[in-house]
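Here are the chains, one letter per residue:
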Amino acid sequence: LYIASAHPGNKFAFLGMQDAALPSSPESWTFFGYVSYPLSLAEQDATAHITNAQHLAHLRRLAADFADPFGTAFAALPADSPVWRVPMTSWDPGAAGHEWDSRGGRATLAGDAAHAMTYQRGQGLNHSLTDAGELCRAIRTFVAASADVEGASAPSSFFLLACPASTSSSSSPSSSSSSPSSAASAPSALASLIAPSPARQPLRSSQRDAIAAYEAEMVARGGEEVRLSITNTTMLHDWAKVLASPVMTKGMRTNASPATTADENAEGAAEADGEARRGGSARRDVT
């Protein structure tokens, strides 16, 4: 349960319910809220060490001219309410200079480590979960290929760390054990897998190729979402752009029937096609 709102002062507010210990008693519920706004790096550095009380006072000032429930909710916060300032950051894995060395498929990145993004579009977790699924798929690919080659050294510890649900099929002692000590040794086993070792057989090309394929898809998908999120975050903190967004110019409509839905889908497809033919983008960055 959450509610969000843009503000003519180029601010954005959010309130979300985090926990309902007693569903029938709203006074027992725990909420999270924030007000975001443009802030220069110089201002961030100058106020980096202010106290929690100063953060709270600043938050109340930012929220004071919001409509309810935001204005009232932030004004009513107890004096000991914890407040954090979180500068928004992003990392586009497709940008020049942002490449990383995968060590021939021995190491890779996923989730926020690979494509940190601003959060107004709400896509960070979705892409992190997709990364996890695609990485497990890649690992299964080269583990299966290694198992088919006599004498190959399958990276079972890496498989245990990344995909614990699938380790039961491995014949390697390091991945078939379910003891706590085996699980605890996974990070060190992974470290030894990444580090060069003359005693270990060279990793087969199947691992290098599988991780390279995972990274190519992840970088393209995650990088696009980083850029879309930046566009959306920027738009939400620019009132003129908010007023020009489809939510404000077209409003919200309820579909009266399946036929209406089909008609609207056809209308939207035609509009997107026309936009693309004019050289524009068919993507709509709205929250």
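Residues numbered from 1 in each chain as written. Predicted model: local features only at pLDDT ≥ 70, side-chain atom pairs only at ≥ 80, totals over all residues. Heavy atoms only, no water.

Participant: I would appreciate a short explanation of the pattern of salt bridges in the present structure.
Facilitator: Pairing is possible between side chains that carry opposite charge, provided their charged atoms lie close to one another. Applying the stated criterion across every chain yields a total of eight salt bridges. The salt bridge involving Arg 227 is made with Asp 92; its shortest N-O contact spans 2.8 Å. Remark: Asp 92 occurs in the loop between helix H3 (70-75) and helix H4 (112-115) and Arg 227 occurs in helix H10 (residues 205-236); sequence separation between them is 135 residues. Classification of Arg 227 by relative accessible area gives partly exposed; the value is 42%. (Salt bridge = Lys/Arg side-chain N within 4 Å of Asp/Glu carboxyl O. Helix = DSSP H or I, 4+ residues; strand = E, 2+ residues; numbered from the N terminus. Buried < 20%, exposed > 50% of the residue type's maximum accessible area, 1.4 Å probe, protein only.)

Participant: Help me understand the packing of aromatic side chains, please; the structure alone is not making it clear to me.
Facilitator: How two aromatic rings sit relative to each other is given by the distance of their centres and the angle of their planes. In the structure shown here, the tally under the stated rule is seven aromatic pairs. Ring geometry for Tyr 34 against Tyr 119: centres 5.4 Å apart, planes inclined by 80°, an arrangement best described as edge-to-face. Of this pair, Tyr 34 sits in strand E3 (residues 29-36) while Tyr 119 sits in the loop between H4 and helix H5 (124-147), placing them 85 residues apart in sequence. Joined through ring pairs, the aromatic side chains of Tyr 2, Phe 14, Phe 32, Tyr 34 and Tyr 119 make up one cluster. (Phe/Tyr/Trp six-rings, centres within 6.5 Å; stacked < 30°, edge-to-face > 60°.)

Participant: Which parts of the structure should I look at to understand the nonpolar core?
Facilitator: Generally speaking, soluble globular proteins have nonpolar side chains that are buried together. Formed by Ala 13, Leu 15, Val 35, Leu 56, Leu 59, Leu 62, Ala 63, Phe 66, Phe 70, Phe 74 and Val 83, the largest nonpolar core amounts to eleven residues. Elements with a minimum of two residues in this core: strand E2 (11-20), helix H2 (52-63) and H3. Among the elements that make up this core, the one with the highest residue count is H2 (four residues). Core analysis: the next-biggest nonpolar cluster, separate from the first, contains ten residues, Leu 135, Ala 138, Val 143 and Ile 211 among them. (Core = buried A, V, L, I, M, F, W, Y, C linked by side-chain atoms within 4.5 Å.)

Participant: Explain the sheet that holds E3 here, please?
Facilitator: Backbone hydrogen bonds are what pair the strands of a sheet, in a parallel or an antiparallel way. On the basis of which strands lie adjacent, the open sheet formed by three strands has the order E1-E2-E3 and antiparallel pairing. In this open sheet, the two edge strands, each paired with only one partner strand, are strand E1 (2-7) and E3. Averaged over all pairs of adjacent strands, the angle between their axes in this sheet comes to 10°, without regard to strand direction. Of the strand pairs in this sheet, E2 and E3 are connected by eight bridges, and their pairing is antiparallel. Residue pairing across strands places Gly 16 opposite Phe 32, the latter belonging to E3. (Pairing = 2+ DSSP bridges. Axes fitted to C-alpha atoms, helices over the stretch in contact; angles between N-to-C directions.)

Participant: How should I be thinking about unusual backbone geometry in this particular structure?
Facilitator: The bulk of non-glycine residues show a negative phi, and the bulk of peptide bonds are trans. A cis geometry characterises the amide bond from Asp 68 onward to Pro 69, with omega recorded as 15°. With respect to the element layout, Pro 69 can be found in the loop between H2 and H3. A positive phi is found at Asn 10, a non-glycine position, where the angle reads about 60°. Note on Asn 10: relative accessible area 31%, which makes it partly exposed. With a phi close to 55°, Arg 103 is a non-glycine residue in the positive phi region. Summarising the element assignment, Arg 103 is placed in the loop between H3 and H4. In this structure Arg 103 comes out as partly exposed when scored by relative accessible area, which is 42%.

Participant: Help me understand the pairing of E2 in this model?
Facilitator: Put simply, side chains in a regular strand alternate between the two faces of the sheet. When E1 meets E2, the two strands line up antiparallel, connected through six bridges. Within the sheet, the bridge partner assigned to Ser 5 lies in E2 and is Ala 13. In this antiparallel pair of consecutive strands, E1 and E2, the connection spans three residues, and Asn 10 shows a positive phi of 60°.

Participant: Quick question: what am I supposed to make of a nonpolar patch on the surface here?
Facilitator: Judged by side-chain polarity, Leu 243, Val 247, Met 248 and Met 252 come together as a nonpolar surface patch covering roughly 410 Å² of accessible area. Structurally, Met 248 can be placed in helix H12 (residues 246-250). (Patch = residues over 30% accessible without salt bridge, like charges linked within 9 Å, V, L, I, M, F, W, Y side chains within 5 Å. Areas by Shrake-Rupley, 256 points an atom, 1.4 Å probe, with all protein chains shown as cover.)

Participant: I would appreciate a short explanation of H5 in the present structure.
Facilitator: Given a rise of 1.5 Å per residue, 24 residues ought to cover 34 Å, and the 35 Å separating the end C-alpha atoms of H5 matches this to within 8%. Three or more residues of H5 are buried, namely Gly 124, His 127, Asp 131, Leu 135, Cys 136, Ala 138, Ile 139, Phe 142, Val 143 and Ser 146. (Expected span 1.5 Å × (residues − 1).)

Participant: Can you walk me through the confidence of the model for the protein chain in this structure?
Facilitator: Low pLDDT marks stretches whose predicted atomic positions should not be read closely. Residues of the protein chain with pLDDT of at least 70 account for 69%, and the chain-wide mean is 78. The low-confidence segment residues 150-187 (pLDDT under 50) makes 45 contacts with residues lying over four places distant or belonging to another chain. (pLDDT = per-residue confidence, 0-100. Contact = heavy atoms within 4.5 Å.)

Participant: Explain H2 here, please?
Facilitator: For the α-helix, the turn length of 3.6 residues means that residues three or four positions removed from each other point alike. When the terminal C-alpha atoms of H2 are compared, their 16 Å separation across twelve residues agrees well with the 16 Å that a helix rising 1.5 Å per residue should span. Three or more residues of H2 are buried, namely His 55, Leu 56, Leu 59, Leu 62 and Ala 63. Around the axis of H2, the buried residues are gathered within 125° of arc, so they sit on the same side. Turned more than 90 degrees off the buried face of H2, the exposed positions are Ala 53 and Arg 61. Of the surrounding elements, those touching the buried residues of H2 are E2, E3 and H3. (Arc of directions from axis to C-beta.)

Participant: Before we go on, may I ask you to explain the side chain of Glu 215 in this structure?
Facilitator: Topologically, Glu 215 is positioned in helix H10. Of the side chains bearing the opposite charge, Arg 208 lies closest to the buried Glu 215, which forms no salt bridge; the N-O distance is 10 Å. Among the polar contacts made by the side chain of Glu 215, one reaches the side chain of Thr 108 at a distance of 2.7 Å. What Glu 215 contacts, discounting residues up to four positions off in sequence, is Trp 100, Ser 102, Ala 107 and Thr 108. (Lys, Arg positive; Asp, Glu negative; His and termini not counted. Polar contact = N/O pair within 3.5 Å; in protein donor to acceptor, adjacent residues only side chain to side chain.)

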